Amino acid sequence: MKPFAFERARDVDHALSLAASSPGARFLAGGTNILDLMKLEIEQPPRLIDVGRLPLAEISETASGGLRIGALATNTAVASDPRVRRRYPALARAILAGGSVQLRNKASVGGNLMQRTRCPYFMDAAKPCNKRLPGSGCSAMEGLSSTLALFGASEMCVAVSPSDMSVALAAFDAVAETVRADGSVQRRPVETLHRLPGEAPQVDTDLAPDELILAVELPPPPPGRQVWRKVRARASYTGAIASVAVAGDRVALGAVAARPWRARFTEAALADGASPAEAAGAELAHADGPESRKSLVRRLAADAIREAKEGAAS
Amino acid sequence: MTTIRVNGVDHAVDVDPRTSLLDLLRERLDLKGTKKGCDHGQCGACTVLVNGVRINACLSLAVMHDGDEVLTVEGLASGEVLHPVQQAFLTEDAFQCGYCTPGQICSAVGLLAEVAAGQPSEATADLDGPVTLTDAEIRERMSGNICRCSAYPQILAAVRRAAGAAA
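Calculation rules
Residues numbered from 1 in each chain as written. Chains lettered and ligands numbered in written order. Predicted model: local features only at pLDDT ≥ 70, side-chain atom pairs only at ≥ 80, totals over all residues. Heavy atoms only, no water. Helix = DSSP H or I, 4+ residues; strand = E, 2+ residues; numbered from the N terminus. Rg over C-alpha atoms; globule rule 2.2 N^0.38 Å. Buried < 20%, exposed > 50% of the residue type's maximum accessible area, 1.4 Å probe, protein only. Contact = heavy atoms within 4.5 Å. Areas by Shrake-Rupley, 256 points an atom, 1.4 Å probe, with all protein chains shown as cover. Lys, Arg positive; Asp, Glu negative; His and termini not counted. Charge placed at Lys NZ, Arg CZ, Asp CG, Glu CD. Expected span 1.5 Å × (residues − 1). Buried area = accessible area lost by both parts, 1.4 Å probe. Salt bridge = Lys/Arg side-chain N within 4 Å of Asp/Glu carboxyl O. Polar contact = N/O pair within 3.5 Å; in protein donor to acceptor, adjacent residues only side chain to side chain. Phe/Tyr/Trp six-rings, centres within 6.5 Å; stacked < 30°, edge-to-face > 60°. Axes fitted to C-alpha atoms, helices over the stretch in contact; angles between N-to-C directions. Parallel < 35°, antiparallel > 145°, perpendicular 65-115°, else oblique. Left-handed = near helix turned anticlockwise from the far one by under 90°. Nonpolar A, V, L, I, M, F, W, Y, C, P; charged D, E, K, R; others polar. Pairing = 2+ DSSP bridges.

Trainee: Honestly, the overall build of chain A in this entry has me stumped. Any pointers?
Mentor: From N to C terminus, chain A includes 11 helices and 12 strands. On C-alpha atoms alone, chain A measures out to a radius of gyration of 19 Å, which is about the 20 Å that the 2.2 N^0.38 rule sets for 314 residues. In chain A, which comprises 314 residues, the proportion classed as buried is 58%. Partitioning the contacts of chain A with sequence separation of at least 6, the portion at a separation of at least 24 is 60%. A total of about 12200 Å² of accessible surface is found on chain A, and carbon and sulfur atoms cover 52% of it. Of note, chain A has its 39 positive side-chain charges centred 5 Å away from the centre of its 34 negative side-chain charges.

Structure below.
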């Protein structure tokens, strides 16, 4: 790990002013992703600003009947919250499918959104990777990754977001509230918080360097059943090959793009009376990638939609 | 200076910010019970309890834990009387080489508290209902601890036994 300066923020303003005055500085919450990447020297921030003790862990009701989840609420706290379990079970299930208990006890909601891809070529500092080292090339394009992007990729990068949580958040139309050093507050839909790679895959999100996530707001859940499904290489404690969250008439796919992917073609097809298989196919018709992977995602989405409609898996 | 209480003893240490909580325990405080396996949060050998909650000590910086209370495998027994989870691991022969065992034991101690608090897991069928500690629940909740000797059936039995003792 490269040397870095460590500073614990006294309050949000202190954290923001430190970030604004330290180029390359990164916020540190639970640390479960950034410290891992710093050990691999994939991340080399000159300064870590510890925001982990700021009072941003509360989960509270909103006036509109939704929930506001503080950015520092741990994954465990969110998945264990009775209101989340009752009203947003797809979110609780998505979180419980991610990592191990040890990691979820430490990982925060804000940190989960800011985590970087787990593309094996991004994680291997010896390999070319445009996200890690701009202009060096993409090893994954011709490589062995089982999680190539099916949507929104570019010639530069085919990495996917590894977050399970954000897939459910996108299905619920969740919004991330952020603040910058100049005091400006922004509300960014979780669905589009992450950029598609385009020509600059090294930039993960639209957030400015001095922009801190304060909370994630969930609108009231849509009517209808909720389903979460995740396909992975073993039964527990590993990343998704693909995932899907269904909330009423909304469908979001995971591990298929650089952001949680709302399946709008699927949703439109369902509104037009399509079957689950037809609706899943409507989205995958726009996918770019190996047929085997498209087939897996198509069947996964169709199965989850069917389960949401009928209350039983096929 | 970072002040940290480990197994009931206060320590004030001046550490390089790069020092993980795991390296602080092992290299500075000479508490070698907590093991370094992968050092990347993938194996669970370094599991300790911080303020009663199990975490991977390898993926945390010592400087993040100023004022925290850490419990390691060395702090579980009361004198010569083993913690019920330690005793259950002995009774069920829940290890072969033993390298992952401190992490497994600390993890199981955390698990029992989480279940008592009603926290669900991926294996919980009804998120709205109470948690029943089935074998499937134990397996899922212990999945963050890898055992290369594959003593999983005995580890499962030990956690089941400890849960019965704790109930």
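The rest of the description comes next.
Trainee: Could you clarify how one ought to interpret helix α11 (residues 291-310) of chain A in this entry?
Mentor: For the α-helix, the turn length of 3.6 residues means that residues three or four positions removed from each other point alike. Residues and elements named next belong to chain A. Between the first and last C-alpha of α11 there are 28 Å, a value that for 20 residues agrees with the 28 Å anticipated at 1.5 Å per step. Turning to α11, its buried residues number three or more, namely R293, K294, S295, V297, L300, A301, A302, D303, A304, I305 and A308. Packed against the buried residues of α11 are β9 (226-232), β10 (240-247), β11 (250-254), α9 (264-271) and α10 (276-284). The first or second residue beyond α11 is G311, which carries a positive phi of 80°.

Trainee: Is there a simple way to think about the interface of chain B and chain A in this case?
Mentor: It is common to give the size of an interface as the accessible area lost on bringing the parts into contact. With 40 residues of chain B at the contact, the number on the chain A side is 38 residues. It is B:R18, B:L59 and B:L127 that lose the most area in chain B upon contact with chain A, and together they represent 22% of the buried surface on that side. Counting across the interface, chain B meets chain A through 4 salt bridges. With a shortest N-O distance of 3.4 Å, A:R53 and B:D68 are connected by a salt bridge. Here chain B and chain A share 24 residue pairs in polar contact (both at pLDDT 80 or more) between them.

Trainee: Help me out: how do you make sense of the environment of B:Q87 in this one?
Mentor: Within the secondary structure, B:Q87 is located in helix α2 (residues 84-91). Since its relative accessible area comes to 38%, B:Q87 is described here as partly exposed.

Trainee: So what exactly am I meant to see when it comes to the packing of aromatic side chains here?
Mentor: Here the distance between the centres and the angle between the planes together describe a pair of aromatic rings. All names here are of chain A. On inspection of all chains with the given rule, the structure shows 2 aromatic pairs over all chains. Ring geometry for Y88 against F172: centres 5.1 Å apart, planes inclined by 85°, an arrangement best described as edge-to-face. Placement of Y88 in the loop between α4 (82-87) and α5 (89-96) and of F172 in the loop between α8 (165-171) and β6 (175-179) is noted, with a sequence separation of 84 residues between them. A single burial state applies to Y88 and to F172, both of which are buried.

Trainee: Whenever I open this one, the environment of B:V63 confuses me. Can you help?
Mentor: With respect to the secondary-structure elements, B:V63 resides in the loop between β4 (53-56) and β5 (69-71). Among the residues examined, B:V63 registers a relative accessible area of 12% and is labelled buried. Here the alpha-carbon distance between B:V63 and B:G103, two residues 40 residues apart in the chain, equals 22 Å. Not counting the four nearest positions on each side in its chain, B:V63 is found in contact with A:F6, A:R8, B:T2, B:V15 and B:P17.

Trainee: So what exactly am I meant to see when it comes to α10(A) here?
Mentor: If you check which residues of α10(A) are buried, you get A:P276, A:A279, A:A280, A:G281, A:E283 and A:L284. The inward-facing, buried residues of α10(A) contact β11, β12 (261-262), α9 and α11 of chain A.

Trainee: So what exactly am I meant to see when it comes to the pattern of salt bridges here?
Mentor: In a structure, side chains of opposite charge can pair up when their charged atoms sit close to one another. All names here are of chain A. Inspection of the entire model under this criterion finds 40 salt bridges over all chains. With its nearest N and O atoms 2.6 Å apart, the salt bridge here joins E267 to R262. For the pair formed by E267 and R262, the shared burial category is buried. Within this structure, D173, E191, R250, R262, R264 and E267 form a network of salt bridges that share partners.

Trainee: Which parts of the structure should I look at to understand the packing of α10(A) against α11(A)?
Mentor: Pairs of packed helices are described in terms of their axes, by the angle between the two and the distance that separates them. Residues and elements named next belong to chain A. At a minimum axis separation of 8 Å, α10 and α11 run at an interaxial angle of 140°. In terms of orientation, α10 lies oblique with respect to α11. At the point where α10 passes α11, the crossing takes the right-handed sense. For the pair α10 and α11, the contacting residues are P276, A277, A280, G281 and L284 in the first and K294, V297, R298, A301, A302, I305, R306 and K309 in the second. A breakdown of the residues in the contact of α10 with α11 according to their chemical character gives 8 nonpolar, 1 polar and 4 charged.

Trainee: Is there a simple way to think about the sheet that holds strand β3 (residues 47-50) of chain A in this case?
Mentor: Residue and element names in this part refer to chain A. Taken in spatial order, the 3 strands line up as β1-β3-β2 in an open sheet, and their pairing is parallel. The sheet is open, and its two borders are formed by β1 (5-8) and β2 (26-28), each paired with just one other strand. Ignoring which end each strand starts from, the neighbouring axes of this sheet average 30° apart. Relative to β3, β2 runs parallel, the two sharing 3 bridges. Across the sheet, residue F27 finds its bridge partner in β3, namely I49.

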